[in-house]
Amino acid sequence: MLMLHTARLVLRDLVESDWTLVNALSQERTVTQYQTWLRLHSPAEALQWVRNGMEHNALHPRQAYNLALVHQNQAIGWLGWGRPTDGTQGDYDFGDALLPSMWRHGFMSEALQGALSYMFQSLKARQVFGECASMNIASARVMEKVGMTLSATWIEHDDTTGEAEEHRRYAIDVKAWQDANKIMRTG
Ligand SMILES: CC(C)(COP(=O)(O)OP(=O)(O)OC[C@H]1O[C@@H](n2cnc3c(N)ncnc32)[C@H](O)[C@@H]1OP(=O)(O)O)[C@@H](O)C(=O)NCCC(=O)NCCS
């Protein structure tokens with residue numbers, strides 16, 4: 001089982017009991033507003049979602065990383081990354097969601113920082129990217145905080161309302177990652 005440690009968190013592969021976390025996330029409109037694939041309707045769907053993630057995690061060669069964020073023995077969020085269908089923007093892209101009661105304590109920035117270290121150092125990624133709606137300030141800010149920079153904006157139409165919405169992509173390459181971490185180490 002993959003297990004990454006940061007100052008306050010353990011990031012580990014999903015296990016079946018994480019269905020309670022996923023079920024809780026799926027009931028938060030502030031989460032499902034941006035994470036449409038978490039729009040689940042029952043504990044059974046949450047369990048299936050977790051099982052799918054576990055199945056993807058188990059494929060060889062490994063392409064997907066669906067991890068739970070664990071703080072003080074409690075699963076508080078999910079961070080997933082994998083090979084994008086279109087590889088021109090980077091080797092991995094990611095998605096994330098945290099229980100709202102845990103927001104604004106720097107947890108996702110800390111988790112993403114740890115995940116990027118793993119992607120660049122262990123998986124030898126050359127570039128990693130993430131996408132969000134421009135109005136999702138927290139998500140954009142998390143990406144900026146770990147040193148990612150804006151690489152594109154475009155308009156998408158919301159699945160349910162059909163409304164036009166601006167989206168953005170942030171990216172970081174291995175060189176920028178190494179430089180940022182050198183800067184952090186030397187203060
Ligand atoms: C995005 C998400 C994972 C962030 O998690 P988090 O642990 O709260 O993030 P952090 O605390 O590491 O950083 C959030 C940053 O955004 C800022 N922020 C959050 N909401 C904000 C707002 N409405 N206005 C301005 N800044 C805001 C915080 O102040 C913080 O920045 P700072 O440290 O410079 O002050 C969480 O909000 C979430 O689960 N959202 C729903 C799912 C989602 O949108 N996922 C991403 C889909 S693309």
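Use the structure listed above.
Residues numbered from 1 in each chain as written. Predicted model: local features only at pLDDT ≥ 70, side-chain atom pairs only at ≥ 80, totals over all residues. Heavy atoms only, no water.

Visitor: Mind showing me how you'd approach the overall build of the protein chain here?
Guide: The helix and strand tally for the protein chain stands at six helices and eight strands. For the protein chain, the succession of helices and strands along the chain, N to C, is β-β-α-α-α-β-β-β-α-β-α-β-β-α. A compact globule built from 187 residues would reach a C-alpha radius of gyration of about 16 Å, and the protein chain, at 16 Å, matches this within 12%. Structurally, the protein chain occupies a C-alpha span of about 45 × 40 × 35 Å along its principal axes. In the protein chain, which comprises 187 residues, the proportion classed as buried is 47%. In the protein chain, of all internal contacts separated by at least 6 residues, the share reaching a separation of at least 24 is 59%. (Helix = DSSP H or I, 4+ residues; strand = E, 2+ residues; numbered from the N terminus. Rg over C-alpha atoms; globule rule 2.2 N^0.38 Å. Buried < 20%, exposed > 50% of the residue type's maximum accessible area, 1.4 Å probe, protein only. Contact = heavy atoms within 4.5 Å.)

Visitor: Any chance you could explain the site of the ligand here in plain terms?
Guide: Around the ligand, the surrounding shell holds 23 residues, and the nearest of these are R104, G106, S109, N136 and K145. In the environment of the ligand, an oxygen atom lies 2.9 Å from a nitrogen or oxygen atom belonging to the backbone of M108. In the model, an oxygen atom of the ligand is placed 2.5 Å from a nitrogen or oxygen of the S109 side chain. If the ligand stood free it would expose 960 Å²; the protein chains cover 78% of that surface. Of all the secondary structure elements, the ones that give two or more residues to the shell around the ligand are helix 2 (29–32), strand 5 (92–98), helix 4 (107–122), strand 6 (127–133) and helix 5 (137–145). Of the residues belonging to the shell around the ligand, the class tally is 11 nonpolar, seven polar and five charged. (Near = heavy atom within 4 Å. Polar contact = N/O pair within 3.5 Å; in protein donor to acceptor, adjacent residues only side chain to side chain. Areas by Shrake-Rupley, 256 points an atom, 1.4 Å probe, with all protein chains shown as cover. Nonpolar A, V, L, I, M, F, W, Y, C, P; charged D, E, K, R; others polar.)

Visitor: Which parts of the structure should I look at to understand the environment of T20?
Guide: Position of T20 among the secondary structure elements: in helix 1 (residues 19–26). Considering only alpha carbons, one finds T20 and R62, 42 residues apart in sequence, at a separation of 25 Å.

Visitor: In this structure, what is going on with the environment of L150? I would like to understand it.
Guide: Here L150 is to be found in strand 7 (residues 149–157). Sequence separation of L150 and E131 is 19 residues, and the distance between their C-alpha atoms is 9.6 Å. Apart from residues lying up to four places away in sequence, L150 is in contact with R168, R169 and Y170.

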